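# Coordinate analysis (summary)
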Amino acid sequence: MSPLAGSLTARTLKNVGVFCGANPGSSPAFMTAATALGRQLASEDVGLVYGGASKGLMGAVADAAIDHGGRVVGVIPEALGSREIAHQGLSALHVVGSMHERKALMAEHSDAFITLPGGFGTLDETFEVLTWTQIGVHHKPLGLLNVEGFFDGLIAFADSQVAAGFVQRKHRDMIIVEPDHDALLRKLEIVSLPSTRGWKNAPAQ
């Protein structure tokens, strides 16, 4: 059954956590997508919670939200402040001691999560919050903004985990995938997430 089936009540997204690269990437489409997402969040009065950097896709999504009157909260580890260059124009900037603290604080302040293209750190953040939903630490949806098919390989790998018996189909289906930011936001509002009761003892499929 589709995770969107049977959803009767839309969740309110007051703040959305966005994971993405501190680099611009090789395609102009990545920066374009980040800018469009930041602009839409601001236009819908949805706060942006992100990694706090002023560079790359992170800077683009934050700048677009700020330019359109949006609320933007950044969370950056102290050790990365000079490398990622902390953004100085945010509504609030939290400087934390570690990546663990960054992920926990971002998750605390977000109602849902969107991942744009990025590197290893982006994937780490993505799968941590996804796992937290799987095991019941929180109950918040996650979507991949699949710009130019960037996440096609990752999606195929997740499907292979299901086929190999390591991931239940209902948990694979928690990953919402859309190439369009508006369609992705609309799905995050209505997606039905599986119960976490008995997940440890359930069969993989």
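For the structure, see preceding data.
For the structure given in this document, a descriptive report is provided here. Within every chain, residues take consecutive numbers counted from 1 along the sequence as written. With pLDDT at 70 or above as the cut-off, local features in this predicted model cover only qualifying residues; side-chain atom pairs require 80 or more to be listed or tallied, and sums for whole chains, interfaces and linings still use all residues. Heavy atoms throughout the structure, all of them, feed into the side-chain values; hydrogens and water do not.

Turning next to the overall build of the protein. Helix and strand assignments follow DSSP, with helices taken as H or I runs no shorter than four residues and strands as E runs no shorter than two, numbered in order from the N terminus. Secondary structure summary: the protein contains eight helices and seven strands in total. Here the C-alpha atoms of the protein give a radius of gyration of 16 Å, agreeing with the 17 Å that 2.2 N^0.38 yields for 205 residues. For the protein, the spread of C-alpha atoms along the principal axes amounts to about 50 × 35 × 30 Å. Split into buried and exposed, the 205 residues of the protein put 46% on the buried side. Only the protein chains shown count as cover for residues, and all accessible areas are computed by the Shrake-Rupley method using a 1.4 Å probe. Per element, the accessible surface of the protein, about 9600 Å² overall, is 55% carbon and sulfur. Charge separation in the protein, taken as the distance between the mean sites of 16 positive and 20 negative side-chain charges, equals 6 Å. Between the two quantities, the radius of gyration covers C-alpha atoms and the globule rule is 2.2 Å times the number of residues to the power 0.38. Each residue's exposure class comes from its accessible area (1.4 Å probe, protein chains only) as a fraction of the maximum for that residue type: buried when under 20%, exposed when over 50%, partly exposed otherwise. A residue counts as positive if it is Lys or Arg and as negative if it is Asp or Glu; His and the chain ends are not included. Every charge is mapped onto a representative atom, which is NZ of Lys, CZ of Arg, CG of Asp or CD of Glu.

Attention now goes to helix α1 (residues 28-43). By this rule, a helix spans an expected 1.5 Å times one less than how many residues it contains. For α1, built from 16 residues, the straight-helix expectation of 22 Å at 1.5 Å per residue is met to within 8% by its first-to-last C-alpha distance of 23 Å. Where α1 is concerned, the buried positions are F30, A33, A34, A36, L37, G38, Q40, L41 and A42. Tucked into the core, α1 has its buried residues touching β1 (15-19), β2 (47-50), α2 (56-67), β5 (112-115), β6 (142-145) and α8 (181-190). Just downstream of α1 lies D45, where phi reads positive at about 60°. The contact criterion used throughout is that any non-hydrogen atoms of two residues lie within 4.5 Å.

What follows is about the environment of Q40. Topologically, Q40 is positioned in helix α1. When its relative accessible area of 9% is taken as the criterion, Q40 is described as buried. Along the chain, Q40 and A64 lie 24 residues apart, while their C-alpha atoms are 8.7 Å from each other. Beyond its immediate sequence surroundings of up to four residues, Q40 is in contact with H181, D182, L185 and R186. In this structure the side chain of Q40 is engaged in a polar contact, spanning 2.7 Å, whose partner is the side chain of E44. Nitrogen and oxygen atoms within 3.5 Å of one another constitute a polar contact, given that in protein one can donate a hydrogen and the other can accept it, and given that sequence-neighbouring residues count only through two side-chain atoms.

Let's shift gears to the sheet that holds strand β3 (residues 72-77). Spatially, β4-β3-β2-β1-β5-β6-β7 is the arrangement adopted by the seven strands of the open sheet, whose pairing is parallel. The open sheet has two edge strands with one neighbour each: β4 (92-96) and β7 (175-178). Ignoring which end each strand starts from, the neighbouring axes of this sheet average 25° apart. The pairing of β3 with β4 spans five bridges and is classified as parallel. Should DSSP find at least two bridges between two strands, the strands are taken to pair. All axes are obtained by fitting lines to C-alpha atoms, using only the stretch in contact for helices, and the reported angles, taken between N-to-C directions, cover 0 to 180 degrees.

Looking now at the nonpolar core. Among the buried residues, those of types Ala, Val, Leu, Ile, Met, Phe, Trp, Tyr and Cys that are joined through side-chain atoms within 4.5 Å form a nonpolar core. Core analysis: the biggest nonpolar cluster contains 52 residues, and V18, L48, I114 and L116 have the highest contact counts within it. Beyond its immediate stretch of four places on either side in the chain, I114 contacts V16, G17, V18, F19, L37, G143, L145, L184, L185 and L188.

Spatial relationships are all this shows, so hold off on functional conclusions.
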